[in-house]
Amino acid sequence: MDPRKNPFAPGAGAPPPALVGRDDIIDAADIALHRMRDGRPEKSQLLLGLRGVGKTVLLNKIGQIAENLGYLLVRLEAPEGQRLAAYLAPALKGTLIQLSRSEKAKDLAGQALGALRGFASAFKVSIGEIHVEVSESPTADSGNLEIDLPALLLSVGKAAKAANGCVAILIDEVQYLAEEDLRALIVAFHMISQNGLPVVLFGAGLPQVAGLAGDAKSYAERLFDYPPVGPLSAPAAGEAIRRPLQDEGADIEDDALAEIVAATGGYPYFLQEWGKHAWAAADTPPIDSADVEQASRDATAALDKNFFRVRFDRLTPREQDYLRAMAELGPGAHRSGEIAGLMRRRVESLGPLRSGLIKKGMIWSPSHGDTSFTVPLFDEFMKREMPDWNPLTDN
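Rules and cut-offs
Residues numbered from 1 in each chain as written. Predicted model: local features only at pLDDT ≥ 70, side-chain atom pairs only at ≥ 80, totals over all residues. Heavy atoms only, no water. Helix = DSSP H or I, 4+ residues; strand = E, 2+ residues; numbered from the N terminus. Buried < 20%, exposed > 50% of the residue type's maximum accessible area, 1.4 Å probe, protein only. Pairing = 2+ DSSP bridges. Salt bridge = Lys/Arg side-chain N within 4 Å of Asp/Glu carboxyl O. Phe/Tyr/Trp six-rings, centres within 6.5 Å; stacked < 30°, edge-to-face > 60°. Lys NZ or Arg CZ within 6 Å of the ring centre and 35° of its normal.

Q: What should I look at first to understand the environment of Gln98 in this one?
A: The residue Gln98 is located in helix α3 (residues 84–100) in this model. According to the relative accessible area criterion, Gln98 is partly exposed, its value standing at 43%. Residues Gln98 and Leu72 lie 26 residues apart in sequence; the distance between their C-alpha atoms is 8.5 Å.

Pasting the structure below:
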């Protein structure tokens, strides 16, 4: 089959050839964006799910909808270990300059740029020169993020309202926000909601974000909606493979399709990997079970080399031991005591190790005392990577 026509191209945040099984999430975001544009109150949303479920793809789709509705977009990705002010302030600059071009919002946009200048100064962030009129007295410059970030975003919201516009802030990898940053962001959007300003947040992150938000501010559960993003249902997963094939004049046998759905667990990123390699393995359509068998070997090797490897290489030897013990127990959630028992360690002694892995986004806690992988199929990779692991000698 012609490799130039292969419809599958797995990548971080790359849109799939068929975005299926996500209508509820997209429709909810579309309704929220329309309501806010029409001056109606609406909650911000945080999309939560494991790695490989397509959260970034959905966030980008929501951004497209917002742009089509005339929203000004502020796109951010929270880098691990970097503070929010460092990348939010430069991103807001362009939005405020656009708002300053509206005659109705010129004065308020100037005040917002003054707040931005004060904010950048207080948190030692470079935003470059501002070549538009700015209020004389900078604000949002106390140096207390929980005071200054709400003041800055309120000023942005007031300028947007004066311009009859809306602002959508998109933040990916929300779990990497520092606790202080998340708390300040929640306070800011609480005030925005109270003042009925046209600024909305759409974020994406790992499942622990809901708990982190609740710990930061108790009212966060009422301030945001948390749409879960899980694996695709079997019918949707099948459609994600079959429809792109048929669009290229090819097809796949039912048994072969069922094998791909089972092997991938319905996770969108893995579906793209299996689809790519199934196309490459087949000489002619339809793709059959023998092609999928070869594709499974090739996809697994590709994941081991890239998707899994980049995460494994960030781990210390002790962290690798912890995850290998989890893998020995299987793919599901495991009690901390079970993991500690397998490692011949006290639960208390492994607490810092577990916390570090949560901060790195490798594991999360579905409920108190439980631990689960954030990366689907990572347990199988750990067994392949550390086949001779022995808890009596390796830790």
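Okay, back to it.
Q: Looking at this structure, I do not really get the sheet that holds strand β8 (residues 370–373). What am I missing?
A: Through backbone hydrogen bonds, the strands of a sheet pair up, either in parallel or in antiparallel fashion. Judged by pairing direction, the sheet is antiparallel, and its three strands sit side by side in the order β6-β8-β7 without closing on themselves. Of all the strands in the sheet, just β6 (334–335) and β7 (363–364) have a single pairing partner and so form its edges. Of the strand pairs in this sheet, β6 and β8 are connected by two bridges, and their pairing is antiparallel. Along β8, the bridge assignment pairs His334 with Thr371.

Q: Whenever I open this one, the pattern of salt bridges confuses me. Can you help?
A: Scanning the model with the defined rule gives 23 salt bridges in all. A salt bridge links Arg4 to Asp2; the shortest N-O distance between them is 3.1 Å. On the basis of relative accessible area, Asp2 is assigned to the partly exposed category, the value being 25%. Beyond isolated ion pairs, a larger network of salt bridges with shared partners links Glu146, Glu179, Arg183 and Lys217.

Q: Explain the packing of aromatic side chains to me, please; I cannot follow it from the model alone.
A: When we look at a pair of aromatic rings, we describe it by the centre distance and by the angle of the planes. One pass over the structure, following the stated rule, counts 13 aromatic pairs. Geometrically, the ring pair formed by Phe119 and Phe123 is tilted, given 4.9 Å between the ring centres and 45 degrees between the ring planes. Judged by its relative accessible area of 0%, Phe119 is buried. Judged by relative accessible area, Phe123 falls into the partly exposed class, the value being 22%. Ring geometry for Phe378 against Phe381: centres 5.3 Å apart, planes inclined by 45 degrees, an arrangement best described as tilted. Of this pair, Phe378 and Phe381 both sit in helix α17 (residues 378–385), three residues apart, roughly one helical turn. With respect to burial, Phe378 and Phe381 carry one shared label: buried. Put simply, the rings of Tyr267, Tyr269, Phe270, Phe307, Phe308, Phe312, Phe373, Phe378 and Phe381 touch in pairs and so form one group of aromatic residues. Over the face of the ring belonging to Phe307 we find Arg311, whose NZ or CZ atom lies 4.4 Å from the ring centre.

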